[in-house]
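Descriptive structure summary
Listed below, chain by chain, are the residues.
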Amino acid sequence: MPILLFLLDTSASMNQRTYLGTTYLDVAKGAVEVFMKLRARDPASRGDRYMLVTFDDPPYGVKAGWKENHATFMCELKNLQASGLTTLGHALRTAFDLLNLNRLVSGIDNYGQGRNPFFLEPSVIITITDGNKLTHSSGVPDELHLPLNSPLAGSELTKEPFRWDQRLFALVLRLPGAATPDNEQLGSVPTDESAITQMCEVTGGRSYCVRTQRMLNQCLESLVQKVQSGVVINFEKTGPDPPLFEGQLEVGRKPWHSCHKLIYVRPNPKTGVPVGHWPIPESFWPDQNSPTLPPRTAHPVVRFSCVDCEPMVIDKLPFDKYELEPSPLTQFVLERKSPHMCWQVFVSSSAKQNDLGQPFGYLKASTTLTCVNLFVMPYNYPVLLPLLDDLFKVHKLKSNLKWRQAFEMYLKTMPPYYLLPLKKALRMMGAPNLIAETLDCGLSYSVISYLKKLSQQAKMESDRLIVSVGKKAPQETGIKVKNHSNSLSLAHRRDFKQLLQGITGEGPLRLVDMNFKEFAGFQIALLNKDVKPQAYRNAYDIPRRNLLDQLTRMRSNLLRTSQKLIRGQDEDYLHSIPVAQMGNYQEYLKMMPSPLREIDPDQPKRLHTFGNPFKQDKKGMMIDEADEFVAGPQNKKRVSSGDPNSGVTMKRRRSMSPLLRRPQTPPGSPNHVVVGKSPAGVQGQQNLLKPIPQHKGKNLEHEILLSNVLCHSHRFKKRVLIQQLEIALAKVDEKHTASSQLPNDHGS
């Protein structure tokens, strides 16, 4: 799952206009959207995670982190404003700490246990800045410095703030303010000369000097291709150079002697997760008596020897294969055209005594000479592989004393953290009992307990940072002006109101011993950008219809007491917001302080629902037939076995109205007919079952009335509904009774 973190420069210099008519910040926002569209073409982008960090002071710089969705990311991106300093060092440190938040919890760094390339979180940091001078609250630094004091637990275990699967790329915007002749030629985009370029190269990335919109699009397409799953490794040559070919002449240090490149860690096509077996060894020998771990470098230094060797592989022994990113080293190896020879690789100080260490793999060109692969094998594989080959082919898994002594001697020269992967490999090969279970990983108890403690601290720090994401920085109410005079302010004078009336023209002006620079507690107000500004300076900016109202506000604002400060906005406008923003309750909650804990923890927690914060959760409530709330489970009465009607299941809580019950014909009624076998009996039954025309309209009206009431039953309570239904049915019966008696009365 690649992580794409955008670090946008939100300093005030990003407000400068380009020849396109837009600001640098608008260009940066558009570049992010274009990159996301280009990245969406790749089917592998479904698992991408996007993060957004700005140059704001921590913790307000993180706009979208681990828990924010795509909609939040886009909303925060559109709402960015350029107002601040170019604190690139602090912003980079914040970005790296955000990426490293879960590494100690998940344990993918595997400190002291070797580096596993298949344990990774591939991350690409894309910084978009204007490349201007770095600014800080304490001055203008000449070089880029990242703060060393990180709040993240366990940051001292790695010397650098980044990790080997995190690369930094920078888009330095150099778009001019005026249009230039279109004489650019498509080609490679040069690197920029700003302070961030060196930082990009250290992490395995690069910077781009963007001068036109077309060049920006070209850089974005290049960046999309850079999103690869892999880790960065320093390859260093050790020993003599290989023999030169005919006509080949090289003097001095060559570019392929030292390469700082990526190795691709391909995910498993079935599971989508990289799978591996062997680690890259640490640059120290683990000591069980050591109370601490030495800090490691972010990128391991892998040394390769240019002595040609034959690649070694035996049946069923797993190995890891990683492709190298194109570099001068891969070009030199491919030019040799020796696909059947390899160069062994080492890590210095990984062995117990030897400084160079033992080989743990080799570099080899592919058979088709299209790429160079790094094969990672068991540690000191030239000794282990012949032993295992003899065990399976010669001894047939029945080892003798000499073989066991040689195997135990090999285990003593192997770093202890290779025991677990070697056990798994032997189990896959069919020899699970070669290594005793009593052997440990080689770390001391204090180191193991320290790593567990760091994991817990990292989890707490992760929860704290996730909560702080998205919070707005508190706005300053004003800039306080220091009063260097010891005399009292004019506000403390008894005739202060008369002085104000003289200033406003409502009274005679008195300029005796007045010093307008002495106001204790005076503040320069900072206008709230979200509130409509007031035209206090120029009366001609005020519409004619608002002159009287504005004059009243200006007078009330000026004639305040000494405790009230002069404000840039009126109180009416402070609570006046557009209708479209009235429902944005989530932004209001972010500005509120965290609530205190409940006094009684057993008390049901109230839900903060917009519009009614006192609304209680009704999930635990039960409703009876009369729509009355009943808390807790309902008491169910058991039917006694002695009840003669116990065979009939009575599930209703309340008896149904007699009018709603189906009429049951008693056995003695004349309508109860025993069906006979003769046709006469059947004909008699059909005649008896025919309804009387007098009651046909009555039954139909009952059914229509019942269906109409049931259609509107959701508006009434059940008890009221039954009562209304009984009354309506009774009126229908009376109507039909009266209509049936009319012909008899008329006939009499």
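Residues numbered from 1 in each chain as written. Predicted model: local features only at pLDDT ≥ 70, side-chain atom pairs only at ≥ 80, totals over all residues. Heavy atoms only, no water.

**Digging into the overall build of the protein**
Of the regular secondary structure elements, the protein holds 18 helices and 17 strands. A burial count over the protein gives 37% of its 748 residues as buried. Sequence separation of at least 24 residues holds for 76% of the intrachain contacts in the protein that already meet a minimum separation of 6. Accessible surface computed for the protein: about 47500 Å², of which carbon and sulfur atoms make up 55%. (Helix = DSSP H or I, 4+ residues; strand = E, 2+ residues; numbered from the N terminus. Buried < 20%, exposed > 50% of the residue type's maximum accessible area, 1.4 Å probe, protein only. Contact = heavy atoms within 4.5 Å. Areas by Shrake-Rupley, 256 points an atom, 1.4 Å probe, with all protein chains shown as cover.)

**A word on helix α7 (residues 328-336)**
Regarding α7, the residues found buried are Leu329, Thr330, Phe332, Val333 and Arg336. The arc enclosing the buried residues of α7, seen along the axis, measures out at 160 degrees, which places them on a common side. Of the residues one or two after α7, Lys337 is the one with positive phi, at around 55 degrees. (Arc of directions from axis to C-beta.)

**With respect to unusual backbone geometry**
Positive phi, close to 55 degrees, is recorded for Asn110, a residue that is not glycine. Look at Lys337: it is not a glycine, yet its phi comes out positive at around 55 degrees. For Lys337, the position within the fold is in the loop between α7 and β11 (342-346). A residue is classified by how much of its surface remains accessible, and Lys337, at 62% relative accessible area, is exposed.

**Here we look at the sheet that holds strand β13 (residues 372-376)**
Around the barrel, seven strands lie side by side as β7-β8-β10-β13-β12-β11-β9; this closed barrel has mixed pairing. Each strand of the sheet is rotated relative to its neighbour by a mean of 35 degrees, with strand direction disregarded. Across five bridges, strand β7 (residues 230-238) lies against strand β9 (residues 301-305) in parallel orientation. The residue bridging Thr238 from the neighbouring strand is Ser305, located in β9. (Pairing = 2+ DSSP bridges. Axes fitted to C-alpha atoms, helices over the stretch in contact; angles between N-to-C directions.)

**A few points about the packing of aromatic side chains**
What the rule picks out here adds up to 18 aromatic pairs. Arranged with centres 5.9 Å apart and planes meeting at 50 degrees, the rings of Phe96 and Phe162 form a pair that is tilted. You can see Phe96 sitting in helix α3 (residues 88-99) and its partner Phe162 sitting in the loop between β4 (123-129) and β5 (166-173), a full 66 residues away along the chain. A relative accessible area of 3% means that Phe162 is categorised as buried. Each residue in the set Phe6, Phe35, Tyr50 and Phe73 is aromatic and connected to the rest through ring pairs, giving one cluster. For the cation-ring pair, Arg206 lies above Tyr208, with the distance from its terminal atom to the ring centre recorded as 4.1 Å. (Phe/Tyr/Trp six-rings, centres within 6.5 Å; stacked < 30°, edge-to-face > 60°. Lys NZ or Arg CZ within 6 Å of the ring centre and 35° of its normal.)

**Details of the packing of helix α1 (residues 24-39) against helix α6 (residues 213-226)**
Two numbers describe how α1 lies on α6: the axes approach to 10 Å, and their chain directions differ by 45 degrees. Here α1 is positioned oblique relative to α6, judged by the angle of their axes. The way α1 lies across α6 gives a crossing that is right-handed. Residue-level inspection shows Val27, Ala31, Val34, Phe35, Leu38 and Arg39 of α1 in contact with α6, the latter providing Leu216, Leu220, Glu221, Leu223 and Val224. Split by residue class, the contact of α1 with α6 holds nine nonpolar, no polar and two charged. (Parallel < 35°, antiparallel > 145°, perpendicular 65-115°, else oblique. Left-handed = near helix turned anticlockwise from the far one by under 90°. Nonpolar A, V, L, I, M, F, W, Y, C, P; charged D, E, K, R; others polar.)

**Looking at empty space enclosed by the protein**
If you walk through the whole model with that rule in mind, you get six cavities of 30 Å³ or more. Reported here for the largest cavity is a volume of approximately 90 Å³. Around the largest cavity, the lining residues are Arg103, Ile108, Asp109, Tyr111, Arg115, Asn116, Thr158, Arg163, Trp164, Arg296, Thr297 and Ala298. Counted by class, the lining of the largest cavity contains four nonpolar, three polar and five charged residues. In this structure, the lining of the largest cavity is formed jointly by two domains, domain 1 (3-228 + 456-467) and domain 2 (234-243 + 254-389), each of which donates at least three residues. Estimated volume of the second largest cavity: approximately 80 Å³. Taken together, Asp308, Val333, Arg336, Ser338, Met341, Cys342, Trp343, Leu363, Lys364 and Ala365 form the lining of the second largest cavity. Contributions of two or more residues to the lining of the second largest cavity are made by α7, β11 and β12 (361-365). Tallying contributions element by element places β12 first for the lining of the second largest cavity, with three residues. (1 Å grid on protein atoms, 1.4 Å probe; cavity = no way out; pocket = protein on both sides within 12 Å on 5 of 7 lines; lining within 4 Å. Points joined across faces, edges and corners; volume = space filled by probe spheres on them. Domains from an automatic or database assignment.)

Keep in mind these values describe shape, not function.
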